[in-house]
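# Coordinate analysis (summary)
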Amino acid sequence: MCAAGVELFFFPSAVLFPDWAYKPAWSPPGSRQVHLWHFLLELLGRGEGGAITWGSEWGEFVIRDPERLAKLWGERKGKPHMNYDKLSRALRYYYNKRILHKTKGKRFTYKFNFSKLVLVNYPSLPTCPQV
DNA sequence: GCCGGAACAA
DNA sequence: TTGTTCCGGC
């Protein structure tokens, strides 16, 4: 079974993203770098509130309060001057990495590529030819 | 708003 | 290597 198979096996039509999927497989003692996609899944998983929510499609999410989300992200990273312009630039770098892509036409709306996230989080899993 | 190049930090 | 900062362009 490859990673995409694992994804299909463990992902039914659930509303929330499973806990194991966004928890780092290994815990670096002390200095763990919190990645943006991990932070977003944290808030989405908690149903944090107005800042960000799941969208209509599977893996799609909508940023309801961009500047508030940016402030939360800035607090997490110790970057007091973070704003949505800079946060969204980081999101755009995910396009080529195939972690995210934009839902065109929908404002503040992006979509996760979950199978890619599984590969990033669990590199020990066998890879698929065309993930 | 959204895109992506460029310089830079960690 | 993952963002952060800045920015011209559409």
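Residues numbered from 1 in each chain as written. Chains lettered and ligands numbered in written order. Predicted model: local features only at pLDDT ≥ 70, side-chain atom pairs only at ≥ 80, totals over all residues. Heavy atoms only, no water.

Per an unreviewed UniProt entry, chain A is named Si:ch211-265g22.4, and its organism is Sinocyclocheilus rhinocerous. What the UniProt record of chain A gives under Sequence similarities (unreviewed entry) is the line "Belongs to the ETS family." (UniProt positions renumbered as here; feature names shortened; annotations may be inferred.)

What follows covers the protein's contact with DNA strand B. Looking at DNA strand B, the residues that line it are Tyr84, Arg89, Arg92, Tyr93, Tyr95, Lys102, Lys106, Arg107 and Phe108. Residue Tyr84 places a side-chain N or O atom 3.0 Å away from a phosphate oxygen belonging to DNA strand B. Here Lys102 contributes a side-chain N or O atom positioned 3.4 Å from a phosphate oxygen of DNA strand B. A per-element tally of the surface near DNA strand B places helix H5 (residues 84-97) first, with five residues. Looking at the surface near DNA strand B, its residues break down into four nonpolar, no polar and five charged. (Near = heavy atom within 4 Å. Polar contact = N/O pair within 3.5 Å; in protein donor to acceptor, adjacent residues only side chain to side chain. Helix = DSSP H or I, 4+ residues; strand = E, 2+ residues; numbered from the N terminus. Nonpolar A, V, L, I, M, F, W, Y, C, P; charged D, E, K, R; others polar.)

In this section: the protein's contact with DNA strand C. Neighbouring DNA strand C are 13 residues, the closest being Leu36, Trp73, Lys77, Tyr94 and Lys97. For DNA strand C, the backbone portion of the atoms within 4 Å of the protein, that is sugar and phosphate, comes to 80%. Leu36 is positioned such that a nitrogen or oxygen atom in its backbone is 2.9 Å from a phosphate oxygen of DNA strand C. The contact in question runs from a phosphate oxygen of DNA strand C to an N or O atom on the side chain of Lys86, over 3.2 Å.

So, on to the environment of Lys71. Of note, Lys71 is situated in helix H4 (residues 66-77). Of the residues examined, Lys71 reaches a relative accessible area of 55% and is grouped as exposed. With twelve residues separating them in the primary sequence, Lys71 and Asn83 have C-alpha atoms 6.6 Å apart. (Buried < 20%, exposed > 50% of the residue type's maximum accessible area, 1.4 Å probe, protein only.)

Since the α-helix advances by 3.6 residues per turn, residues separated by three or four positions end up pointing in the same direction. The terminal C-alpha atoms of H4 lie 16 Å apart, and with twelve residues this matches the ideal 16 Å at 1.5 Å per residue to within 8%. Packed against the buried residues of H4 are helix H3 (36-46), strand S1 (52-54), strand S2 (60-63) and H5. Just downstream of H4, Gly78 is the residue with a positive phi angle, here 70°. (Expected span 1.5 Å × (residues − 1). Contact = heavy atoms within 4.5 Å.)

On to the packing of aromatic side chains, then. Within the structure shown, the criterion is met by seven aromatic pairs. Ring centres of Tyr84 and Phe108 lie 5.4 Å apart, and the angle between their planes is 85°; this geometry places the pair in the edge-to-face category. Here the residue Tyr84 occupies a position in helix H5, and Phe108 occupies one in the loop between strand S3 (100-102) and strand S4 (109-112), the gap between them amounting to 24 residues. The exposure class of Phe108 is partly exposed, given its relative accessible area of 23%. Both rings, one in Phe112 and one in Phe114, keep their centres 5.6 Å apart while their planes meet at 15°; by these two values the pair is stacked. Residue class for Phe112 comes out buried when judged on its relative accessible area of 4%. Owing to a relative accessible area of 3%, Phe114 belongs among the buried residues under this scheme. The structure contains a cluster of three or more aromatic residues connected by ring pairs, namely Trp54, Trp58, Phe61, Tyr110, Phe112 and Phe114. (Phe/Tyr/Trp six-rings, centres within 6.5 Å; stacked < 30°, edge-to-face > 60°.)

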